[in-house]
Amino acid sequence: MAPGSLADLIAALPEGDGWGPPPVNDTTLNGVPYAPFSKGDKLGRMADWTADSKDGRDGRGGRQQYNRSFRDQQIYGAGSAQLFTAPVAEDENTFSVVSRETIKTRYGRGAVFTRGRGQRGARQDTRGGRGQPQRPGRGGQSGYGYDGRGGRSNAPRGRRFGWKDYDKPARSRDASINIKPDWQLLEEIDFNRLAKLNLDADEGEDIDSYGFLYYYDRSFDKQPVKSAERKLVPLDRAAYNVTTSSDPVIQELADKEEATIFATDSILSMLMCSTRSIYPWDIVIVRHGNKIFLDKRDNAALDMVTVNENAADAPLESSDGNKDGVNQPSALAEEATYINHNFANQVVLESETQKVDMSHENPFYNASEETEPPASKAYKYRRFDLSTSEEDPMYIIVRTELDAVQKNAISGEDQFVTVKALNEFDSKAQGSGGALDWRTKLVSQRGAVVATEMKNNSVKLARWTVQSILSKADVMKLGFVSRANPKTNDKHVILGVIGWKPKDFANQMNLSLSNGWGIVRTIADMCLKRDDGKFVLVKDPNKSILRLYEVPAGSFDEEGEEEAVEAPEAAEE
């Protein structure tokens, strides 16, 4: 068609106000568009805002309450094709892989249930429905998806926590000593670094020996008859726990330049086993010239024997809700210290004609001042080589202790013995650490009893073992002492005594002496880098950290009264 004029084009336009296809009346009702519906549709609500809720629940997690009234009514237009919805892409949920592996369902045919102890694992063979619950066997009740141990069978394996372990607040302990503002922090060492230290030392040599030893009473090694249990008898004997710098023998050896480091076995064992400790403690370190003295404060935490320090659920303080006064850490520590002192005196045969005298008499006993006879105790001053090279020699002298002597059953030679005592307070009380009842299990399950004590009292047994090895004892005797009545802590009975070779016991505990010597050498080097003065090594009360402070001279001498007040608090820790 030949192009015409503009007037012709305008005349060719359709009549009306707009443009586009002509209007159709097939899908309109009174001029309003609508979606066609089938004859089977019922007229109900104009809109349903709950139809797309997940799993038939509303957004608040409750079931549809409003929809229940209209469950028989269909939505208007639901039966027709969805004309106004865009095509949805293929959902990945419809994708499947052909697999020959049988699918295990929880209920119905083929349901898998974990067998409880003493059960046959009854077959769940109900068709098309939920399987019947298992009948509980001898191991206790067992329901759907639970095993006989009380844990869910489909839960991930791992350590079973106690009741609401996740909800227990962290215990906050007080420090064994108050940190003063004028103390200077020199070093902060975490236990992970200490555990990597290593230094091999020699077996040690004897420098001198003091005191005497009675023979051990072998009748305690026999299993006591239940009707005639041995009672723990308190005996008044003069026992001493003198710190390093107050020991006249160590002062004499220091004047002779016999070594660089001086310590007692109690202080040194705490330092060597520090990575196992939980409760707070502190050691006073004095540098005088080129010598290092490892000291302790009077009535310090080191003097107390802790109970279940390493247990997962250690004894609680009164501030943590423990209403049982005799089972609080401070009371248990006093009880254990009392038991150890009296047990060592009771298991020896006191005879002036049958005893082993050392080279010198007891350096701390003065017959004119003491009213009590001296206890069976021998002090051996032994020297160990901690040198890392021949150009830089370093020696340590340790005052070690022995408690008794016994005849070798084969050769008849004298064997040196250290005597310690483990105590049981109440196997059913809080803080017992899952310990077995010693009265019934010590004979039949001795290994389990000892293993539990190794777990709950790791640091205490490690210290005793280190002390025995340092003193070169042939045998370490461990007594098992229990309360006559679990509710009172003043009467005790001796249930048995077991002896070990200290090095064998150390291997059972995975105790490394070379790691302990490495810790001692590291702390000594830190102090030797400084000028003469006084230092304090403090175990953090709530973290696995050691802190080394430099303190002003005479800090503890001037505050003796204050330290005496703080000592009971330190013992509680």
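As shown above, the structure is provided for reference.
Being a predicted model, the structure only gives us computed values, none of them experimental. (Residues numbered from 1 in each chain as written. Predicted model: local features only at pLDDT ≥ 70, side-chain atom pairs only at ≥ 80, totals over all residues. Heavy atoms only, no water.)

Digging into the environment of N342
Along the chain, N342 turns up in helix 5 (residues 329-346). Separated by 107 residues in sequence, N342 and L235 place their C-alpha atoms 6.0 Å apart. (Helix = DSSP H or I, 4+ residues; strand = E, 2+ residues; numbered from the N terminus.)

Quick word on helix 8 (residues 458-470)
The terminal C-alpha atoms of helix 8, which comprises 13 residues, lie 18 Å apart, in line with the 18 Å expected from a rise of 1.5 Å per residue. Counting buried residues in helix 8 gives 13 out of 13 residues, a clear majority hidden from the surface. In the segment just after helix 8, K472 is the residue with positive phi, at about 60°. (Expected span 1.5 Å × (residues − 1). Buried < 20%, exposed > 50% of the residue type's maximum accessible area, 1.4 Å probe, protein only.)

Quick look at the pairing of strand 16 (residues 492-500)
Among the nine residues of strand 16, eight are classified as buried, and the element is accordingly described as predominantly covered. Strand direction decides the pairing type here: strand 5 (residues 230-231) and strand 16, joined by two bridges, are antiparallel. Each residue of the ladder has a partner; that of K231, found in strand 16, is V493. Sheet analysis places strand 15 (residues 475-483) next to strand 16, joined by eight bridges and oriented antiparallel. Residue pairing for strand 16: R483 is matched across the bridge by H492. (Pairing = 2+ DSSP bridges.)

Quick notes on the environment of E229
Inspection of the secondary structure assignment puts E229 in the loop between strand 4 (205-216) and strand 5. On the basis of relative accessible area, E229 is assigned to the partly exposed category, the value being 28%. Between the C-alpha atom of E229 and that of I494, which follows or precedes it by 265 residues, the distance is 6.9 Å. With residues near it in sequence (within four places) discarded, E229 still touches R439, V493 and L495. (Contact = heavy atoms within 4.5 Å.)

Considering the side chain of D265
The residue D265 is located in helix 4 (residues 265-272) in this model. No salt bridge forms around the buried D265; measuring N to O, its nearest opposite-charge neighbour R399 is 5.6 Å away. Among the polar contacts made by the side chain of D265, one reaches the main-chain amide nitrogen of E401 at a distance of 3.4 Å. The contacts of D265, once residues within four sequence positions are left out, are V398, R399, T400, E401, Q467 and L470. (Lys, Arg positive; Asp, Glu negative; His and termini not counted. Salt bridge = Lys/Arg side-chain N within 4 Å of Asp/Glu carboxyl O. Polar contact = N/O pair within 3.5 Å; in protein donor to acceptor, adjacent residues only side chain to side chain.)

Topic: the nonpolar core
Of all hydrophobic cores here, the largest spans 65 residues; its most connected members are L268, I285 and L294. Beyond its immediate chain neighbours, meaning those up to four positions away, I285 contacts I292, F293, L294, I523, C527, G533, K534, F535, L537 and L548. Within the second largest apolar cluster, 18 residues are counted, among which are F212, L232, V347 and V497. (Core = buried A, V, L, I, M, F, W, Y, C linked by side-chain atoms within 4.5 Å.)

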